[in-house]
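Survey of secondary and tertiary structure
Take a look at the letters that make up each chain.
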Amino acid sequence: MITLNAVTKRFGSLTVLDGLTFQVEPGEKLALIGPSGSGKTTILRMLMTLEHPSEGHITVDGDQLFHMRRGETLVPANEKHLHEMRRKIGMVFQHFNLFPHKSVLDNVTLAPILTQKVSKADAEARAMELLDMVGLADKAGAMPAQLSGGQKQRVAIARACALRPKIMLFDEVTSALDPELVEEVLNVMRLLAEETDMTMLLVTHEMNFARDFADRVLFFDAGRIIEDGPPSEIFTNPTHERTQSFLRKVL
Ligand code: ADP
């Protein structure tokens, strides 16, 4: 579903990702863990085409995300291609980014109506199913400001699902939440993982959740993958001293 081939990303003189190669199978639930600044979020942002690689190739669902021109990797000039690629991927951010002046229901229906020409009635029916899934059907008419952080994040998850993406990216979705609100969001993500066949990439500091949720864990350090394996292996028997010391600090 996703392939990165020798992907390097630099910001000025800083090399953030260093010749990264890995694949993600359809339906796989992948957790990206590792110290802050190791490049995890940059990978998700490249998949959303919010950043482009300095070198290398990324394919999503068999298509090149960026096109090479004269040895340089560029965001495709073709907006249609970009639009089609983005449609395959949903993302949930640390700061929910809901539209503050739109109701919960409108937040979930807006993109399908505007970008997929779904009728208002169909979009609303689907949105109500999704709000029901995240336990917020009774808040459809509420405004974001009336919701708790956990509720806002659950709306953001419903909204990301509304476009029926094949891939869902979660970027530290619980780190801005009060501790007592974390579990309700993680429960929604567990449900989503159980009930859909979406490919999911999760950047998280919640190690216990990563262990439960993921089929596979990648441990990053300084823009490279230094461990790649099932959670049972990485969390109980990491190969590298770097992983061991990281896990000692966070577990
Ligand atoms: P992580 O998600 O593992 O914490 P990030 O991918 O957010 O790491 O960041 C990796 C590195 O890239 C950090 O040193 C960060 O400061 C840097 N970085 C990220 N985005 C930019 C940017 N737009 N400009 C300059 N540096 C950036």
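This structure is a prediction, so every number in the text was calculated from the model and none was measured. (Residues numbered from 1 in each chain as written. Predicted model: local features only at pLDDT ≥ 70, side-chain atom pairs only at ≥ 80, totals over all residues.)

1. Description of the overall build of the protein
- The number of helices and strands found in the protein is nine helices and 12 strands.
- Taken along the three principal axes of its C-alpha coordinates, the protein extends 50 × 45 × 30 Å.
- In the protein, buried positions account for 37% of the 251 residues. (Helix = DSSP H or I, 4+ residues; strand = E, 2+ residues; numbered from the N terminus. Buried ≥ 20, exposed ≤ 12 C-beta atoms within 10 Å, placed from the backbone.)

2. Overview of the sheet that holds strand 9 (residues 167-171)
- Strands sit in the order 8-9-10-3-11-12 across an open sheet of six strands; the sheet is mixed. The open sheet is flanked by strand 8 (89-92) and strand 12 (224-229), the only strands paired with a single partner. On average, each strand axis in the sheet is tilted by 20° relative to the strand beside it, whichever way the strands run.
- With four bridges connecting them, strand 3 (residues 29-33) and strand 11 (residues 216-221) associate as parallel partners. Each bridged residue has a counterpart across the sheet, and for Ala 31 the counterpart in strand 11 is Val 217. (Pairing = 2+ DSSP bridges. Axes fitted to C-alpha atoms, helices over the stretch in contact; angles between N-to-C directions.)

3. A look at helix 3 (residues 104-116)
- Across its 13 residues, helix 3 extends 19 Å between first and last C-alpha, which sits within 8% of the 18 Å expected from 1.5 Å per residue.
- At Leu 110, helix 3 is deflected by roughly 30°, the largest bend along its length, and proline Pro 112 occurs up to four residues later in sequence.
- Those residues of helix 3 that sit buried are Val 104, Leu 105, Asn 107, Val 108, Thr 109 and Pro 112.
- Tucked into the core, helix 3 has its buried residues touching helix 4 (120-133) and helix 5 (149-161).
- Backbone geometry just downstream of helix 3 places Lys 117 in the positive-phi region, at approximately 55°. (Expected span 1.5 Å × (residues − 1). Bend = angle between axes of the 7 residues up to and from the residue. Contact = placed C-beta atoms within 7 Å.)

4. A short note on the site of the ligand
- In the neighbourhood of the ligand, the contacting residues comprise Phe 11, Val 16, Ser 36, Gly 37, Ser 38, Gly 39, Lys 40, Thr 41, Thr 42 and Val 203.
- With three residues, helix 1 (residues 40-47) is the largest single contributor of residues to the shell around the ligand. (Near = placed C-beta within 6 Å.)

5. Regarding the sheet that holds strand 4 (residues 55-60)
- Pairing within the open sheet is antiparallel, and its four strands lie in the order 2-1-4-5. A single partner strand is all that each edge strand has here, and the edge strands are strand 2 (14-24) and strand 5 (63-64).
- Bridge count between strand 1 (residues 2-11) and strand 2: seven bridges; the pairing is antiparallel. Paired with Thr 3 across the two strands is Gln 23, which belongs to strand 2.

6. Concerning the nonpolar core
- With 64 residues, the main nonpolar core has Leu 32 and Leu 202 as its most contacted residues.
- Here the element with the most residues in this core is helix 5; it accounts for six residues.
- With sequence-adjacent residues up to four places away left out, Leu 202 is seen in contact with Leu 30, Ala 31, Leu 32, Phe 170, Ala 210, Phe 213 and Ala 214. (Core = buried A, V, L, I, M, F, W, Y, C linked by C-beta atoms within 7 Å.)

Geometric descriptors of this kind do not, in isolation, establish any biological role.
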